[in-house]
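Report on the structure
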Amino acid sequence: MGRASLMFLIVLTTGFFFATYNLVAMIMHYRSIGKWTHVDSDGQIFLDPVTEMPEDVKTEKIAKMPFHVALTATDAPYSKWQCRIMYYWYKKKKELPGSEMGGFTRILHSGKPDNLMDEIPTTVVDPLPAGLDQGYIVLNRPWAFVQWLEKATIEEEYILMAEPDHVFVNPIPNLARGGLPAAFPFFYIKPADHENIIRKYYPEEKGPVTNVDPIGNSPVIIKKELLEKIAPTWMNISLKMKKDQETDKAFGWVLEMYAYAVASALHDVQHVLRRDFMVQPPWDLATGKNLIIHYTYGCDYNLKGELTYGKIGEWRFDKRSYLGGPMPRNLPLPPRGVPESVVTLVKMVNEATANIPNWDTE
């Protein structure tokens, strides 16, 4: 039995409480964590994209530092079509100037091969035992990374943890500096607002709750040796959080993200926060020099180009509309007036589906 497998058996428990949570749509500004830089002609405030980086590591790199791109996935049709689009854009951006993207692995935690094995580089790992994720499928993610890190041969020193619903909009350099991993700060991950809960897993002797970064595990660029230390703790904390009713209720669908942030802090690992790592339409209006489009939110607009979030629009793009299989090719473009980030997303999806062979295969 491997080291990771033994650790997993130790933490297995029963009686997990589960509740399903709906994502409540809220229009709100991102947490202000950077320096104010300027206000453009439309009144939009821009932040310094690099935040909380020590001055001694704000230096230009001399040599390339390639990183391995890894994402976890299931064999469900909904996961498959997202992975295919993601891998298409990985190949398109990998060799462009400024890219330090190395190899690629889809970590398939369904326990058996699927029909994308020849299309996308894939490592098959085991899912959690039946029923343990309590319907919260993302709970398989840290366990999948533990297994992959234990069994795979990874040439690169760094790893980018990505997700199927990421589209690489620009070539991605290695954002990690001086041994510090880089991560995207999520406005809804607020450890300080949940100090009483965080303290269940991050004791006072470890330091202030502000040591817990406002991040999830993705997107993160991190040294492989650091992730090897963090991943088992991330898995254990995820399971413990899911077992605790108060934690499960408070964190809901982002529980596993908090678990990664806490696990990193327990290992005294803090991340350089990069706002330019990712945009999330429809709230982020422009792609600009940002690196990834994350299409987790539905985009609903009327024919005047006005956002109707929370109400199905006359025009819409929502990945959840295609739970049972791939979306059709050549989706209609948004109406005039819809933000550039949404337009770019749909154009990139259409390009991928037009060029991926046998797109209609589930």
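Bear in mind that the values here come from a model prediction, so they are computed numbers and not experimental data.

This paragraph deals with the pairing of strand E10 (residues 220-223). Two faces, one strand: in a regular strand the side chains alternate between the faces of the sheet. Residues Val220 and Ile222 point to one face of E10 and Ile221 and Lys223 to the other, with burial holding for every one of them. Sheet topology places strand E7 (residues 158-162) next to E10; four bridges connect them, and they run antiparallel. Looking across to E10, one finds that Tyr158 is bridged to Lys223. Pairing of strand E9 (residues 182-183) with E10 involves two bridges; the strand directions are antiparallel. Bridging from a neighbouring strand, Ala183 pairs with Val220 of E10.

For the chain, per-residue confidence averages 86 on the pLDDT scale, and 83% of positions sit at 70 or higher. Across residues 1-48, confidence stays below pLDDT 50; counting only partners more than four residues off in sequence or on other chains, it has 84 contacts.

Taking 1.5 Å as the rise per residue, helix H5 (residues 224-243) with 20 residues should run 28 Å; its terminal C-alpha atoms sit 29 Å apart, in good agreement. Ile230 marks the point of greatest bend in H5, at about 30 degrees, and the proline Pro232 comes within the next four residues. Most of H5 is tucked away: 14 of the 20 residues are buried.

With that out of the way, let us pick up the pattern of salt bridges. Under the defined criterion, the tally for this structure stands at 18 salt bridges. A salt bridge links Lys92 to Glu351; its shortest N-O distance comes to 3.3 Å. With a gap of 259 residues between them, Lys92 in helix H2 (residues 77-94) and Glu351 in helix H8 (residues 340-355) connect regions that are remote in the sequence. A relative accessible area of 40% places Lys92 in the partly exposed class. For Arg141, the salt bridge is made with Glu256, and the minimal N-O distance between the two is 3.4 Å. One end of the pair, Arg141, is in helix H3 (residues 140-151); the other, Glu256, is in helix H7 (residues 255-266), with 115 residues separating them in the sequence. Using a relative accessible area of 12% as the deciding quantity, one classes Arg141 as buried. With relative accessibility at 2%, the residue Glu256 sits in the buried group. Shared partners join several salt bridges into a network, and the residues in it are Asp300, Arg316, Asp318 and Arg320.

Read from one edge of the open sheet, three strands run E8-E13-E12, paired in mixed fashion. Each edge of the open sheet carries a strand with a single partner, namely strand E8 (166-168) and strand E12 (278-279). In the packing of H8 onto the sheet, contacts are made with E8 and strand E13 (292-294), and the angle to E13 comes to roughly 95 degrees.

Cis geometry marks the peptide bond from Ser218 to Pro219; its omega dihedral reads -5 degrees. Residue position: Pro219 is located in the loop between helix H4 (195-198) and E10. Pro282 follows Pro281 through a cis peptide bond whose omega is 5 degrees. Residue placement: Pro282 occurs in the loop between E12 and E13. A positive phi angle, near 55 degrees, is found at Gln134, a position not held by glycine. Along the polypeptide, Gln134 turns up in the loop between strand E6 (122-124) and H3. Unlike most non-glycine residues, Asp268 shows phi in positive territory, near 60 degrees.

The next thing to look at is the pairing of strand E4 (residues 67-73). Within E4, seven of the seven residues are buried, which leaves it mostly tucked inside the rest of the structure. Alternating residues of E4 divide into Phe67, Val69, Leu71 and Ala73 and His68, Ala70 and Thr72, and every residue in both groups is buried. By the bridge criterion, six bridges tie E4 to strand E5 (residues 101-108) in an arrangement that is parallel. When the sheet's bridge partners are listed, Ala73 is paired in E5 with Leu108. This β-α-β element, E4 to H2 to E5, shows right-handed connectivity.

The geometry of H5 relative to H7 is characterised by a closest axis approach of 8 Å and an angle of 130 degrees between their N-to-C directions. Taken together, H5 and H7 sit at an angle that is classed as oblique. Of the two possible hands of crossing, H5 and H7 adopt the one that is right-handed. Where H5 abuts H7, its residues Ile230, Thr233, Trp234, Ile237, Ser238, Met241 and Lys242 lie against Leu255, Glu256, Tyr258, Ala259, Tyr260, Val262, Ala263, Ser264 and Leu266. Among the residues forming the contact of H5 with H7, the class breakdown is eleven nonpolar, three polar and two charged.

Parameters at a glance
- Residues numbered from 1 in each chain as written.
- Predicted model: local features only at pLDDT ≥ 70, side-chain atom pairs only at ≥ 80, totals over all residues.
- Heavy atoms only, no water.
- Buried < 20%, exposed > 50% of the residue type's maximum accessible area, 1.4 Å probe, protein only.
- Helix = DSSP H or I, 4+ residues; strand = E, 2+ residues; numbered from the N terminus.
- Pairing = 2+ DSSP bridges.
- pLDDT = per-residue confidence, 0-100.
- Contact = heavy atoms within 4.5 Å.
- Expected span 1.5 Å × (residues − 1).
- Bend = angle between axes of the 7 residues up to and from the residue.
- Salt bridge = Lys/Arg side-chain N within 4 Å of Asp/Glu carboxyl O.
- Axes fitted to C-alpha atoms, helices over the stretch in contact; angles between N-to-C directions.
- Right-handed = clockwise from strand over helix to strand, strands pointing away.
- Parallel < 35°, antiparallel > 145°, perpendicular 65-115°, else oblique.
- Left-handed = near helix turned anticlockwise from the far one by under 90°.
- Nonpolar A, V, L, I, M, F, W, Y, C, P; charged D, E, K, R; others polar.

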